Amino acid sequence: MGFDTSGLLPLSDALQGMLEQLACCCDSEQLPLPEALGRVLASDIASPLAVPPFDNSAMDGYAVRIADLAAGTPLIMAGKAFAGQPYQGEWPAGHCVRIMTGAPVPAGTDAVVIQEETQADGDRITFLAQPEPGQNIRRAGSDIGKGACVLPAGTRLTPREMPLLASLGVATVVVRRPLKVAIFSTGDELKPVGTPLAHGDIYDSNRYGVRAMLARMGCDCLDLGIIPDDPAQLRAAFIRADEEADVLITTGGVSVGDADFTKQLLDELGEIGFWKLAIKPGKPFAFGRLPRAWFFGLPGNPVSAMVTFDQLVQPALAKLAGQRFERPLQLQAVTTEPLRKSPGRLDFQRGILSQGPNGLEVRSTGSQDSAVFSSLSRANCYIVLERERGRVAAGETVTVEPFGGLLL
Ligand code: AMP
Ligand code: MG
């Protein structure tokens, strides 16, 4: 095929190489349930209860013994059972019990018949259909057995887990402390928002993207601001981050032009590898160890920084934080327009996924230059184009990865 793969590291190799070296570094603590939102469970949660805790009715209707119905005569209503107010009385043969959803079924109930399948004449109830045994009864323990693992260690608690844990009576949980991540941007050209720009300056945008993604992940962020391309200031920032955080993430200064400079410094302080990844955008990437903290050096180009964070740093941070991590689902869609691509790198193009008349369709957001940030904001998915693939014609099927998680 003749494309140059020399020295370019496949994304999967880079990811595997990093993950092999990393282990969870966050201690655990016990928190009241409402304070644990966004935290990661340090151990499995076994259910202290059976759910539901008792046999109960799934519908409004009548609790019956099927043998009583065989005679074909109406049953007499013996009384009523409501959620929170079980039926307490006698239940002689030839009788049924009016029951509401969630109410415990009286002992001996074989089925609950919904009220639509009955006719009431005072307290004489006629049943229009023969029920199946067990019909409309939710059995004790049918959702969760007592002692069953309901959530495994590594689960990040979202609004979906909170009511589940509350339903089991779990008042406190043991969770990991948040991962502490120091960040800074490097570059003489960078200015913080809220200050005027001189000719040649640009606003530092990467720090806002990285901070936002860290917040989504539930990490604590130590923002060290903008550090100019000055060895003494960079050195001081690296040392401070290493002393105060579990992880340092920087952007800029890892491409060929700057790498020597950063490399010298990092060689002196720790063990850092400078990689050329076989992905686009986001070729330059640095990973390694400072004396205490792990280091991730992202490319300066804003789209590259976001994509390398999403694809590489996110799974690495999840591992350090003790969190189970799964990438969003990948889907197949038909591209409605040609896509520019040359073989040699795995492309994460920015796309707009929509439902077409015959299935999922995707189109490009336009320029895929890694400095064109608006293309990321207009997109709702990556178009993932395989490394060896060349130009894509309209009508071809491509893999898409809808944004969720971090980039939503
Ligand atoms: P570098 O990797 O430092 O060579 O930067 C590559 C490109 O990204 C240059 O055009 C930089 O000006 C730009 N860049 C680097 N850092 C940032 C940042 N924090 N925000 C916006 N653009 C940046
Ligand atoms: Mg730079």
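Residues numbered from 1 in each chain as written. Chains lettered and ligands numbered in written order. Predicted model: local features only at pLDDT ≥ 70, side-chain atom pairs only at ≥ 80, totals over all residues. Heavy atoms only, no water.

Draft legend 1. A look at the side chain of Ser 57. Tracing the sequence through the fold places Ser 57 in strand S3 (residues 56-57). Residue classification places Ser 57 among the buried positions, given a relative accessible area of 0%. Look past the residues within four positions of Ser 57 in its chain and what remains in contact with it is Ile 99, Met 100, Thr 101, Gly 102, Ala 103, Val 105, Val 112, Asn 136 and Arg 138. (Helix = DSSP H or I, 4+ residues; strand = E, 2+ residues; numbered from the N terminus. Buried < 20%, exposed > 50% of the residue type's maximum accessible area, 1.4 Å probe, protein only. Contact = heavy atoms within 4.5 Å.)

Draft legend 2. Focus on the packing of aromatic side chains. Applying the stated criterion to the full structure yields nine aromatic pairs. Seen from their ring centres, Phe 287 and Phe 296 are 5.4 Å apart, and the 40 degrees between their planes marks the pair as tilted. Arranged with centres 5.0 Å apart and planes meeting at 85 degrees, the rings of Tyr 382 and Phe 403 form a pair that is edge-to-face. Taken together, the residues Tyr 382 in strand S25 (residues 381-385) and Phe 403 in the segment after strand S26 (397-402) connect sequence positions 21 residues apart. Grouping residues by exposure puts Tyr 382 and Phe 403 together as buried. Across the ring face of Tyr 62, the terminal group of Arg 98 is positioned such that the distance to the ring centre comes to 5.1 Å. Over the ring of Trp 294 we find Arg 289; its NZ or CZ atom is 4.2 Å from the centre of that ring. (Phe/Tyr/Trp six-rings, centres within 6.5 Å; stacked < 30°, edge-to-face > 60°. Lys NZ or Arg CZ within 6 Å of the ring centre and 35° of its normal.)

Draft legend 3. Up close: the packing of helix H4 (residues 206-217) against helix H7 (residues 302-321). Here H4 crosses H7 at 25 degrees, and the two axes come no closer than 10 Å. With respect to H7, the element H4 is oriented roughly parallel. In the crossing of H4 with H7, the sense of the turn from one axis to the other is right-handed. For the pair H4 and H7, the contacting residues are Asn 206, Gly 209, Val 210, Met 213, Leu 214 and Met 217 in the first and Pro 302, Ala 305, Met 306, Phe 309, Gln 314, Leu 317 and Ala 318 in the second. When its residues are assigned to classes, the contact of H4 with H7 shows 10 nonpolar, three polar and no charged. (Axes fitted to C-alpha atoms, helices over the stretch in contact; angles between N-to-C directions. Parallel < 35°, antiparallel > 145°, perpendicular 65-115°, else oblique. Left-handed = near helix turned anticlockwise from the far one by under 90°. Nonpolar A, V, L, I, M, F, W, Y, C, P; charged D, E, K, R; others polar.)

Draft legend 4. Quick look at the sheet that holds strand S9 (residues 124-127). Reading across from one edge, S7-S4-S6-S5-S9-S8 is the order of the six strands in this open sheet, with mixed pairing throughout. Only two strands of the sheet have a single partner each, and these edge strands are strand S7 (111-114) and strand S8 (118-121). In this sheet, adjacent strand axes meet at a mean angle of 40 degrees when their direction is disregarded. Of the strand pairs in this sheet, strand S5 (residues 75-81) and strand S6 (residues 95-99) are connected by five bridges, and their pairing is parallel. Looking at the pairing, Gly 79 lines up with Val 97 of S6. (Pairing = 2+ DSSP bridges.)

Draft legend 5. View of the nonpolar core. Membership of the largest hydrophobic core comes to 43 residues, with the highest contact counts inside it found for Leu 179, Leu 214, Ile 249, Phe 285, Phe 296, Phe 309 and Leu 317. For this core, the element with the most residues is H7, which contributes 12 residues. If we skip the residues at most four places from it in the chain, Leu 179 touches Cys 25, Cys 26, Cys 219, Asp 220, Asp 246, Val 247, Leu 317, Leu 320 and Ala 321. Membership of the second largest hydrophobic core comes to 19 residues, among which are Phe 238, Leu 248, Ile 272 and Ala 286. (Core = buried A, V, L, I, M, F, W, Y, C linked by side-chain atoms within 4.5 Å.)

Draft legend 6. Just helix H5 (residues 231-244), in detail. Compared with an ideal rise of 1.5 Å per residue, which puts 14 residues at 20 Å, H5 spans 20 Å between its outermost C-alpha atoms and is within 8% of the ideal. Listing the buried residues of H5 in full gives Leu 234, Ala 237, Phe 238, Ala 241 and Asp 242. Along H5, the residues classed as buried sweep out an arc of 130 degrees about the axis, all on the same side. Exposed residues pointing more than 90 degrees away from the buried face of H5 are listed as Ala 232 and Glu 243. (Expected span 1.5 Å × (residues − 1). Arc of directions from axis to C-beta.)

Draft legend 7. The arrangement of the pattern of salt bridges in detail. Scanning the model with the defined rule gives 15 salt bridges in all. Note that Arg 207 is salt-bridged to Asp 223, the shortest N-O span being 2.9 Å. Placement of the pair is Arg 207 in helix H4 and Asp 223 in strand S16 (residues 220-227), with a sequence separation of 16 residues. Look at Asp 223 and you get partly exposed, because its relative accessible area is 24%. The closest approach of N and O atoms between Arg 240 and Glu 244, which form a salt bridge, is 3.0 Å. Highlighted residues: Arg 240 and Glu 244, both in helix H5, separated by four residues, approximately one helical turn. (Salt bridge = Lys/Arg side-chain N within 4 Å of Asp/Glu carboxyl O.)

Purely geometric stuff here, so don't read any function into it on its own.
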